[in-house]
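# Per-entry structural report
The lines below spell out each chain.
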Amino acid sequence: MSGVLIIAEQRRGELRPQSVELITAARGVRREGDAVSIAIIGAAPDAFIPSLSLAGVDEIITIKVAAVEFDPETVEGAVAALIAERKPDVVLVPHSVDSFGYAAALAAKLGLGFATDVFRAQRIDGELVATRGGYGQKVAVEVDFPGRSTVLLAVRGNAFKAPEQTAAPRITAFEAPATASRSQAREFIELPAGDDVDMTGAEFILTIGRGIGEEAKVGQFRELADAIGATLGCSRPIADAGWLPKSRQVGQSGKTASACKLYIAMGVSGAIQHLAGMKHVSTIVAVNSDANASIFGVAKYGIVGDIFEVANELRRLF
Amino acid sequence: MKILVAVKQVAALDEDFEFRGDGRDVDPDFFIRDLNEWDDFSLEEAVKIKEASSTPVDVVAVSVGPDDVDEVLRKCLAKGADRAVRVWDDAIEGSDPIAIARVLAAVAKHEAPDMVFAGVQSSDQSFASTGIATAAFLDWPHAAVVSELNYAPGAKTAVFRRELEGGLLHEVEIQCPAVLTIQLGINRPRYASLRSIKQAAAKPIEVLSLADLSLSAADVGEAGSASRVRRMYMPDKGRAQLIEGDAAAQAERLAAIIREFKGDSA
């Protein structure tokens with residue numbers, strides 16, 4: 001039982017960026033002298049070797065499978081076979097939509113120690129300890145894995161910084177047994193635009209969340225956004241309720257607001273998926289009546305107060 | 001035909017909560033309990049499928065927990081579930097999602113549904129694991145984060161779209177029976193009418209023990225779990241710099257931040 005095994009993710013020919021953050025996470029959990037291996041599963045896994053050749057990786061394991069895109073049973077079969085051969089003491093996967101589809105199944109079937117959404121992983125007196133959020137991120141929860149020889153951790157995105165330096169790890173091709181999967185991936189569908197907004201390119205976004213309370217209030221924030229020169233965005237509950245088109249949703253499952261530099265969030269409590277999608281923004285200003293709202297944990301500036309009062313006062317200044 | 005919907009009673013925290021004496025959880029006196037938001041959507045999806053089906057469909061809500069969980073099961077009955085099943089034994093206390101999944105899989109074996117729905121995750125512990133682990137114990141096909149579903153009860157396959165990061169969907173066909181975890185926004189959950197709430201109050205909730213499901217204490221609780229909570233604590237407080245003052249003063253500072261940004265970017 002030794003070594004850290006990372007399972008990288010790819011989609012449509014591109015490595016998922018969370019994959020390489022796990023190399024840094026591996027540093028905190030590996031034992032002295034242990035190797036860090038990163039496995040990539042796909043129809044043409046060799047294509048990912050250059051982007052995985054990073055400092056901290058001792059070995060890249062390529063696993064060629066028939067499925068071009070993610071398929072849960074294919075990944076489970078391949079990773080189970082690899083764990084059986086290598087017997088790593090820690091397996092790291094990204095906490096992501098793809099891993100939601102297979103990690104828990106793997107842990108259940110193989111009897112692995114298991115935790116998800118882990119943002120800290122360390123050894124305390126030699127024992128593996130993982131930290132995750134609880135009660136809507138209001139508390140931190142430390143978990144351990146008594147009696148488990150292999151532990152699978154799904155690691156939160158942006159919790160670790162990917163290494164920048166390249167390296168020349170050894171390359172191993174691993175033969176995984178063929179899996180007869182019971183699901184069949186078809187095609188990808190881009191979220192329809194809905195209206196003419198381009199959240200991806202917006203540099204200044206004003207986002208409204210559940211705190212606005214009712215649909216009738218959307219108009220005044222749209223007007224405020226126009227006045228201050230911001231693009232109006234929204235959190236998931238607003239889009240799900242149909243108060244604004246899905247194309248306006250920002251956060252992990254909404255459009256990636258990759259160009260955003262100034263982000264004002266009004267009445268957004270900050271669900272973990274929302275925060276994960278906005279962490280890259282240099283200036284986040286959160287306005288919320290709940291001083292304990294998780295969004296204050298990532299915001300640069302915080303205003304604890306009534307969003308309507310602040311919005312009205314702000315409108316007067318433009 | 002039957003659809004089994006796994007639901008959870010989640011806990012939000014009171015503003016000023018305290019930890020339990022052993023430091024491994026929050027004192028339950030500070031819990032505000034409700035039906036998990038995701039489960040509201042998966043129940044609605046099952047009820048919608050039932051209503052659109054030409055063959056009779058039973059929607060069965062199942063939850064693992066002590067008797068105060070009956071409250072969320074009654075909510076499910078009021079929103080259109082035909083039956084409600086609750087599993088409890090004191091040995092289940094302290095179970096992680098893997099141990100809960102073992103119980104849910106045993107219920108599924110017992111009920112033999114055509115499809116199992118669960119929420120993508122719970123709003124309190126956010127493991128995003130219970131549904132997919134349940135599929136593993138059943139050895140059923142499975143998929144997570146389903147945001148659109150096309151399924152007719154009794155059909156050999158279902159077609160769904162899973163919601164990926166960055167506004168992308170992935171269409172997949174899956175063999176049935178399967179376990180699907182349902183994402184927020186797949187539908188608009190209904191509100192229960194006063195009449196249906198009254199009717200639900202009179203409906204029985206079937207209670208099963210571990211023995212009824214041929215499980216033992218070793219399958220659940222800490223013994224049956226894949227992780228153990230060492231401690232809970234307050235995380236480092238947010239790094240936001242608070243803008244003080246009344247709304248007018250706060251807005252003025254915010255306006256200055258906006259103007260500074262526009263000056264920079266212009």
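Anyway, here's the lowdown on the structure attached to this text. Small disclaimer: the values here were computed from a predicted structure and weren't measured.

## Considering the overall build of chain B
- When its secondary structure is counted, chain B shows six helices and 13 strands.
- Taking the principal axes of the C-alpha coordinates as reference, chain B spans close to 65 × 45 × 40 Å.
- Entry remark: accessible area of chain B is about 11400 Å², with carbon and sulfur atoms responsible for 48%.
- If you average the places of the 30 positive and of the 44 negative side-chain charges in chain B, the two averages end up 4 Å apart.

## A closer look at the packing of helix α3 (residues 97–111) of chain B against helix α4 (residues 130–138) of chain B
Residues and elements named next belong to chain B.
- Axis separation between α3 and α4 bottoms out at 8 Å; the angle between their running directions is 55 degrees. Classified by the angle between their axes, α3 and α4 sit oblique to one another. In this structure, α3 meets α4 at a crossing whose hand is right-handed. In contact with P97, I98, I100, A101, R102, L104, A105, A108 and K109 of α3, α4 contributes T130, A133, T134, F137 and L138.
- The class makeup of the residues in the contact of α3 with α4 is 10 nonpolar, two polar and two charged.

## Describing the sheet that holds strand β9 (residues 168–175) of chain B
- Strand order in this open sheet of 10 strands is β12(A)-β9(B)-β8(B)-β7(B)-β10(B)-β6(B)-β1(B)-β4(B)-β5(B)-β11(B), and the pairing throughout is mixed. The open sheet has two edge strands, β12 (183–190) of chain A together with β11 (206–208) of chain B, and neither has a second partner. On average, adjacent strands in this sheet sit at an angle of 35 degrees to one another, irrespective of strand direction.
- The pairing of β12 of chain A with β9 of chain B spans six bridges and is antiparallel.

## Some words on the interface of chain B and chain A
- If you look at the interface, chain B gives 81 residues, while chain A gives 95 residues.
- Looking only at chain B, the three residues that lose the most surface to chain A are E165, R230 and F261 of chain B, adding up to 9% of its buried area.
- The interface formed by chain B and chain A holds 13 salt bridges in total.
- Of the charged contacts, one joins E165 of chain B and R16 of chain A as a salt bridge, the two residues approaching to 3.4 Å between their closest N and O atoms.
- There are 38 residue pairs in polar contact (both at pLDDT 80 or more) connecting chain B and chain A.
- Listed by contribution, the elements that provide at least two residues to the side of chain B that touches chain A are β2 (9–13), α4, β7 (142–150), β8 (157–163), β9, β12 (228–233), β13 (241–242) and α6 (247–265) of chain B.
- Top element by residues in the side of chain B that touches chain A is α6 of chain B. It accounts for 14 residues.
- One ladder, built from five bridges, connects strand β9 (residues 139–144) of chain A with β12 of chain B; its direction is antiparallel.

## What about empty space enclosed by the protein?
Residues and elements named next belong to chain A.
- On inspection of all chains with the given rule, the structure shows four cavities of 30 Å³ or more.
- Taken together, 17 residues line the largest cavity, and the ones lying closest to its centre are A8, Q10, I41, F70 and V75.
- Within the residue set of the lining of the largest cavity, elements represented by two or more residues are β4 (36–42) and α3 (72–86).
- For the lining of the largest cavity, the leading source of residues is β4, giving three residues.
- In the lining of the largest cavity, the residues fall into 10 nonpolar, three polar and four charged.

## Brief notes about the pairing of strand β5 (residues 83–87) of chain B
All names here are of chain B.
- The element β5 is extensively covered by neighbouring structure, given that four of its five residues are classed as buried.
- Sheet analysis places β5 next to β11, joined by three bridges and oriented parallel. Residue pairing across strands places R86 opposite V207, the latter belonging to β11.

## A look at the side chain of R11 of chain A
- Secondary-structure assignment places R11 of chain A in strand β2 (residues 10–11).
- Judged by its relative accessible area of 7%, R11 of chain A falls in the buried class.
- Reaching out from R11 of chain A, the side chain makes a polar contact with the side chain of E165 of chain B at a distance of 3.1 Å.
- Leave out the neighbours within four places in its chain, and R11 of chain A touches R16, E69, D98 and F188 of chain A together with L164, E165 and L168 of chain B.

## Concerning the sheet that holds strand β1 (residues 4–7) of chain A
- Strand order in the open sheet made by the 10 strands is β11(A)-β5(A)-β4(A)-β1(A)-β6(A)-β10(A)-β7(A)-β8(A)-β9(A)-β12(B), with mixed pairing throughout. Two strands bound the open sheet, and with one partner strand each, they are β11 (170–174) of chain A together with β12 of chain B. Strand-to-strand, the axes of this sheet are offset by a mean angle of 35 degrees, without reference to chain direction.
- Note that strand β5 (residues 59–64) of chain A and β11 of chain A share five bridges and pair parallel. Bridge pairing in β11 of chain A places I60 of chain A opposite I171 of chain A.

Thresholds applied
- Residues numbered from 1 in each chain as written.
- Chains lettered and ligands numbered in written order.
- Predicted model: local features only at pLDDT ≥ 70, side-chain atom pairs only at ≥ 80, totals over all residues.
- Heavy atoms only, no water.
- Helix = DSSP H or I, 4+ residues; strand = E, 2+ residues; numbered from the N terminus.
- Areas by Shrake-Rupley, 256 points an atom, 1.4 Å probe, with all protein chains shown as cover.
- Lys, Arg positive; Asp, Glu negative; His and termini not counted.
- Charge placed at Lys NZ, Arg CZ, Asp CG, Glu CD.
- Axes fitted to C-alpha atoms, helices over the stretch in contact; angles between N-to-C directions.
- Parallel < 35°, antiparallel > 145°, perpendicular 65-115°, else oblique.
- Left-handed = near helix turned anticlockwise from the far one by under 90°.
- Contact = heavy atoms within 4.5 Å.
- Nonpolar A, V, L, I, M, F, W, Y, C, P; charged D, E, K, R; others polar.
- Pairing = 2+ DSSP bridges.
- Buried area = accessible area lost by both parts, 1.4 Å probe.
- Salt bridge = Lys/Arg side-chain N within 4 Å of Asp/Glu carboxyl O.
- Polar contact = N/O pair within 3.5 Å; in protein donor to acceptor, adjacent residues only side chain to side chain.
- 1 Å grid on protein atoms, 1.4 Å probe; cavity = no way out; pocket = protein on both sides within 12 Å on 5 of 7 lines; lining within 4 Å.
- Points joined across faces, edges and corners; volume = space filled by probe spheres on them.
- Buried < 20%, exposed > 50% of the residue type's maximum accessible area, 1.4 Å probe, protein only.

Shape is all these values report; function is a separate question.
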